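# Residue-level structural notes
Below are the chains, spelled out letter by letter.
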Amino acid sequence: MNASDRTPADLLRSALAADPARPLVTFYDDATGERVELSVATFANWVAKTANLLQGELSAEPGDRLALLLPAHWQTAVWLLACSSVGVTAEVGGDPAGADLVVAGPDTLEAGLACSGERIALSLAPLGRRFPTAPAGYADYAVEVPSQGDRFAPFAPVDPGAPALVVDGTERSGARLVEEARADAEALGVAPGARLLSGLGYGDWKGLSTGLYAPLAAGGSVVLCRNLDQLSPESLAKRAESERVTVTEV
């Protein structure tokens with residue numbers, strides 16, 4: 001990654017320029033049997049579409065706050081990078097009542113209704129399927145995002161010193177986030193090309209860094225596992241072998 005990268009969106013742009021075809025996020029859900037692998041290019045395309053949805057359809061602006069009520073999931077990672085691209089502060093598990101927008105999953109729809117702004121719902125079903133019927137009070141992400149543009153340009157430059165992420169009560173700017181992600185990658189031994197398997201949730205910085213930001217900052221990739229407690233130790237060992245995992249954090 002480039003030393004000049006100062007936001008998560010910068011890190012993604014550098015990864016795209018360096019090797020768009022390499023894997024970036026491989027996602028498993030051991031409750032459903034789902035496996036999804038996204039290359040840097042595919043992930044960046046999802047981020048661009050989501051950022052265009054945020055900026056264009058939802059009228060989000062730098063400084064707006066988005067309550068992100070989603071578990072560790074590849075689509076959550078997309079939203080985190082889309083927020084960084086627009087300059088929106090992603091508040092993981094944040095209070096919807098105090099947010100400008102909310103993004104909720106099947107288990108947090110009721111809580112998300114406290115947001116008076118735009119509301120987006122994700123089914124989190126395999127293959128990114130839509131809800132049979134959009135939940136009341138929400139737009140369905142799977143319906144809204146496909147028609148968005150494949151390239152994104154912010155209306156206003158994103159300030160690396162502005163708040164980018166709030167998790168577990170701590171606010172981080174984009175620049176601080178990148179700095180901490182690089183330090184975490186070094187501490188974990190994540191080098192360029194490394195494959196980090198994470199079974200941690202996204203409810204705190206450790207889980208977010210391990211499951212997204214540190215591999216991205218280091219030029220590695222993540223094998224993100226949800227409901228890993230449903231997998232036997234033997235099956236976990238086989239997964240680590242088949243996915244060529246070099247670092248494991250569970």
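Preceding this paragraph is the structure being described.
Below, the structure is looked at part by part.

Each value, and the rule that gives it
Residues numbered from 1 in each chain as written. Predicted model: local features only at pLDDT ≥ 70, side-chain atom pairs only at ≥ 80, totals over all residues. Heavy atoms only, no water. Pairing = 2+ DSSP bridges. Helix = DSSP H or I, 4+ residues; strand = E, 2+ residues; numbered from the N terminus. Axes fitted to C-alpha atoms, helices over the stretch in contact; angles between N-to-C directions. Contact = heavy atoms within 4.5 Å. Buried < 20%, exposed > 50% of the residue type's maximum accessible area, 1.4 Å probe, protein only. Right-handed = clockwise from strand over helix to strand, strands pointing away.

### Brief notes about the sheet that holds strand 11 (residues 221–226)
- Pairing within the open sheet is mixed, and its 5 strands lie in the order 2-1-11-10-12. Across the chains shown, the open sheet's two edge strands, defined by having one partner strand only, are strand 2 (34–39) and strand 12 (247–249). The mean inter-strand angle of the sheet, taken between neighbouring strand axes irrespective of direction, is 15°.
- Two strands pair when backbone bridges link them, and strand 10 (residues 195–198) and strand 11 are joined in this way by 4 bridges, in the parallel orientation. Bridging across to strand 11, L197 finds its partner in V223.
- Its contacts with the sheet put helix 7 (residues 205–218) on strand 1 (23–29), strand 10, strand 11 and strand 12, and the angle it makes with strand 11 is roughly 150°.

### So, the pairing of strand 3 (residues 65–69)
- In terms of burial, strand 3 is a largely internal element, 4 of the 5 residues being buried.
- In this sheet, strand 4 (residues 89–92) lies alongside strand 3 in parallel orientation, the contact comprising 4 bridges. Bridge pairing in strand 4 links A67 to E91.
- With respect to chirality, the unit in which strand 3 leads through helix 3 (residues 74–86) into the neighbouring parallel strand 4 is right-handed.
- Of the pairings in the sheet, the one linking strand 3 to strand 5 (residues 101–104) comprises 4 bridges and is parallel in character. Residue pairing across strands places L69 opposite A104, the latter belonging to strand 5.

### Quick look at unusual backbone geometry
- Positioned with a positive phi, S59 is a non-glycine residue whose angle comes to about 55°.
- Inspection of the secondary structure puts S59 in the loop between helix 2 (40–57) and strand 3.
- A positive phi is found at R244, a non-glycine position, where the angle reads about 55°.
- The topology assignment puts R244 in the loop between helix 8 (233–242) and strand 12.

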